[in-house]
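# Architecture and fold: a report
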Amino acid sequence: MSQFSIPCSVYRGGTSRGLFFHKKDLPEDVHKRNKIFLEGIDAYNPSQVNGLGGTTSSTSKIGVICPSDREDADVDWTFYQIGVAEEVVDDKGTCGNLMAGVGAFTVDEGLVAVDPGAEKADVFVYNTNINKVLHMEVPVVGGKAKVSGDYFMPGVITPGAMFRVSIMNPGGEMTGKLLPLGPRHDVKTDHSTYAVTFCDLINPFIFLAGQDAGLTGNEPRSVVAANQALLDELNLIRDKIAVVAGMADNEQDARKNKPNVPKIAVVSPAQDYKTTGGELIKKEGVDILVKVVSMGKLHRTSPASGLYNLAAATLLPGAIPNEVAGIPKGLTDRIIRIGHPEGVVEVRVTLTEDGNQVEKVGMERTARRIMKGEIYIPTP
C-alpha cells in the first residue's frame with residue numbers, strides 16, 4: 001500500500017495534545033479530509049499504535065487553522081474530536097485546553113505579526129465550533145511562542161511559560177441559552193431520579209451532585225474509573241439529557257453520533273483529598289471537586305471547557321454546582337478553585353451586572369510545539 005504525506009504539527013495545549021494542520025493543506029472533500037484525521041490519530045485501534053493518538057480522548061484531537069476574514073480575529077480555528085477505537089470525527093463542541101496550543105501555533109507559523117523584541121503577543125482566535133472569539137496572551141521570545149517558564153499547571157509535571165486564555169461573552173454555544181433546562185432538571189432512569197444542571201457554556205455539560213451518584217468526592221480516580229456500573233449510569237443520564245436538550249434525536253443517536261458533547265460531571269463539596277500523584281489537597285484550598293466523564297470514560301483530569309463551565313455554574317443561583325460549592329448569592333466576579341484528580345485549577349469568572357449571564361471566563365495554561373514535519377497517510 002502506498003502513502004502520501006501532508007504537513008502537520010503536534011502541539012500540547014494544557015492537558016491535551018493534538019495534530020495541527022493549515023486548512024490550505026487539507027482537501028476540501030470532507031470524506032478525504034476526515035480520512036486523514038482518522039488515519040493520522042489511528043481511530044481504529046484501541047492502542048492507536050498505527051497513528052499519533054495516545055489512547056485517550058485528551059490525545060485524540062485535531063486542530064485546523066487558517067487566516068481569518070473577520071476584523072476581530074487573526075485566525076479561524078476548527079476543532080475535531082477523534083474517536084478511540086471508533087471511527088468518530090466530531091466537530092460539535094471545542095477543546096478548552098488546546099486553545100493555548102492554537103495561540104502558540106498562530107505565533108510559530110507567522111499567522112500574526114510579532115515584534116522580535118516582544119515578550120507577549122495578543123492573539124485573537126475565532127473558534128468556528130462555538131462561534132466565539134478567544135483572546136490569548138501568548139508569551140514569546142525571539143518572535144516565537146515561549147516554552148520555558150516557572151508556571152506549574154495540574155496535569156503537566158514540568159513547568160512552562162504561562163498563556164492567558166480568555167473567552168468573552170460565553171454561553172448558549174449549542175442551544176442558544178446558558179441554562180436551557182433551567183437551574184435544575186430531573187432525569188429518570190431505571191435506578192433513580194436525578195437532579196442535574198445542564199449548562200451550555202463553551203461546551204455543554206451536565207452536572208450531578210456526587211452524593212446522588214453514591215460518591216463522597218474524595219475517592220481515588222482509579223476507584224471511580226473501575227466502577228463500570230456508575231459510568232454506565234452517568235452515560236445513560238448524559239444520553240437522556242442530550243435528547244431533552246435537543247442535541248440528539250434519541251438516546252442511541254446521542255451515544256453513537258454525538259459522543260463528544262454534552263459531557264457529564266459529578267461535583268462534590270470542598271474536602272481533603274489526594275491527587276493521583278499522592279499530593280494531599282486540603283479542604284481550604286478548593287471551592288468544589290469534580291470528576292468528568294468524556295467520550296464514555298472517566299477523564300484523567302478535566303477538559304478545560306468543563307473547568308470554564310463549572311466555574312461559571314458555581315456562581316449561578318439555583319444551579320447544582322452553586323449549591324454544592326456553597327457560593328454566597330450576589331457574587332459576580334470571583335476566582336473559582338476547582339479540584340480534579342491531578343490537582344487544583346483556578347478559573348476567573350465575571351458575570352453580567354444582573355448575575356444571569358457570563359461576561360468572561362479565563363484561565364492560565366502552558367503549551368508547546370512537540371514536532372513539525374509531515375504525517376504519512378495510507379492511500380485508499
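It should be noted that the structure appears before, not after, this text.
These notes cover the structure that comes with them. (Residues numbered from 1 in each chain as written. Predicted model: local features only at pLDDT ≥ 70, side-chain atom pairs only at ≥ 80, totals over all residues. Heavy atoms only, no water.)

A few words on helix H4 (residues 228-244). Between its first and last C-alpha, H4 extends 24 Å over 17 residues, near the 24 Å set by a 1.5 Å rise per residue. Every buried residue belonging to H4 is among Leu-230, Leu-231, Glu-233, Leu-234, Asn-235, Ile-237, Arg-238, Asp-239, Ile-241 and Ala-242, and all of these are buried. Immediately downstream of H4, the backbone of Gly-246 shows phi near 80°, a positive value. (Helix = DSSP H or I, 4+ residues; strand = E, 2+ residues; numbered from the N terminus. Expected span 1.5 Å × (residues − 1). Buried < 20%, exposed > 50% of the residue type's maximum accessible area, 1.4 Å probe, protein only.)

Counting through the fold element by element, Gly-210 comes out in the loop between strand E14 (203-209) and helix H3 (221-225). In this structure Gly-210 comes out as buried when scored by relative accessible area, which is 2%. Taking the C-alpha atoms as reference points, Gly-210 and Val-324, separated by 114 residues in sequence, lie 9.0 Å from one another. If near-sequence neighbours (up to four positions away) are discounted, Gly-210 is found in contact with Leu-215, Val-266, Val-267 and Ser-268. (Contact = heavy atoms within 4.5 Å.)

Inspection of every chain in the model, using the stated rule, returns seven aromatic pairs. A ring pair is formed by Tyr-11 and Phe-20, whose centres lie 5.2 Å apart and whose planes are at 35°; its orientation type is tilted. Comparing Tyr-11 with Phe-20 shows no difference in burial state: the two are buried. Relative to Phe-37, the ring of Phe-21 has its centre 5.9 Å away and its plane inclined at 35°; by these criteria the two rings are tilted. One end of the pair, Phe-21, is in strand E2 (residues 16-22); the other, Phe-37, is in helix H1 (residues 30-41), and 16 residues separate them in sequence. Ring pairs connect the aromatic residues Tyr-11, Phe-20 and Phe-105, which therefore count as one cluster. Its end group placed over the ring of Tyr-126, Arg-70 keeps NZ or CZ at 4.1 Å from the ring centre. (Phe/Tyr/Trp six-rings, centres within 6.5 Å; stacked < 30°, edge-to-face > 60°. Lys NZ or Arg CZ within 6 Å of the ring centre and 35° of its normal.)

What follows covers a negative patch on the surface. A cluster of acidic residues, Asp-333, Glu-353, Asp-354 and Glu-359, forms a negative patch on the protein surface. Topologically, Asp-333 is positioned in strand E20 (residues 333-340). (Patch = residues over 30% accessible without salt bridge, like charges linked within 9 Å, V, L, I, M, F, W, Y side chains within 5 Å. Areas by Shrake-Rupley, 256 points an atom, 1.4 Å probe, with all protein chains shown as cover. Salt bridge = Lys/Arg side-chain N within 4 Å of Asp/Glu carboxyl O. Lys, Arg positive; Asp, Glu negative; His and termini not counted. Charge placed at Lys NZ, Arg CZ, Asp CG, Glu CD.)

The next subject is empty space enclosed by the protein. Summed over all chains, the structure comprises three cavities of 30 Å³ or more. Each pocket or cavity is described by its volume, and for the largest cavity that value is around 110 Å³. Taken together, 18 residues line the largest cavity, and the ones lying closest to its centre are Lys-61, Gln-81, Cys-95, Lys-263 and Pro-303. Counting residues per element, the ones that place at least two in the lining of the largest cavity are strand E4 (75-82) and helix H6 (304-313). In the lining of the largest cavity, the residues fall into four nonpolar, 12 polar and two charged. Quantified by volume, the second largest cavity comes out at close to 40 Å³. (1 Å grid on protein atoms, 1.4 Å probe; cavity = no way out; pocket = protein on both sides within 12 Å on 5 of 7 lines; lining within 4 Å. Points joined across faces, edges and corners; volume = space filled by probe spheres on them. Nonpolar A, V, L, I, M, F, W, Y, C, P; charged D, E, K, R; others polar.)

For the rest of this paragraph, the subject is the layout of surface pockets. Taken as a whole, the largest pocket spans an internal volume of roughly 690 Å³. What lines the largest pocket is a set of 36 residues, and nearest its centre among them are Thr-56, Ser-57, Ser-294, Met-295 and Lys-297. Where the lining of the largest pocket is concerned, the elements lending two or more residues are E2, E4, H4, helix H5 (251-257), strand E18 (288-294) and strand E19 (297-298). Sort the elements by how many residues they give to the lining of the largest pocket and H4 lands first, with four residues. Residues that form the lining of the largest pocket fall into these classes: nine nonpolar, 16 polar and 11 charged. What the second largest pocket holds in volume is close to 230 Å³. Along the walls of the second largest pocket sit Lys-23, Leu-26, Pro-27, Glu-28, Arg-33, Val-64, Cys-66, Asp-76, Thr-78, Tyr-80 and Thr-128, which together make up its complete lining. When contributions to the lining of the second largest pocket are tallied by element, the ones reaching two or more residues are strand E3 (61-67) and E4. For the lining of the second largest pocket, the class distribution of residues is five nonpolar, two polar and four charged.

For H6, a buried count of 10 out of 10 residues is recorded, marking the element as mostly surrounded by other parts of the structure. Here H6 has its buried residues at Ala-304, Ser-305, Gly-306, Leu-307, Tyr-308, Asn-309, Leu-310, Ala-311, Ala-312 and Ala-313.

With that out of the way, let us pick up the pairing of strand E21 (residues 343-351). Looking at chain direction, E20 and E21 are connected through eight bridges and run antiparallel. Bridging from a neighbouring strand, Gly-339 pairs with Val-344 of E21. As defined by bridge partners, E21 adjoins strand E22 (residues 358-365) across five bridges and the pair is classed as antiparallel. Along E22, the bridge assignment pairs Val-347 with Met-363. Hairpin geometry of E21 and E22 is characterised by an intervening segment of six residues between the two adjacent antiparallel strands and by a positive phi of about 75° at Gly-355. (Pairing = 2+ DSSP bridges.)

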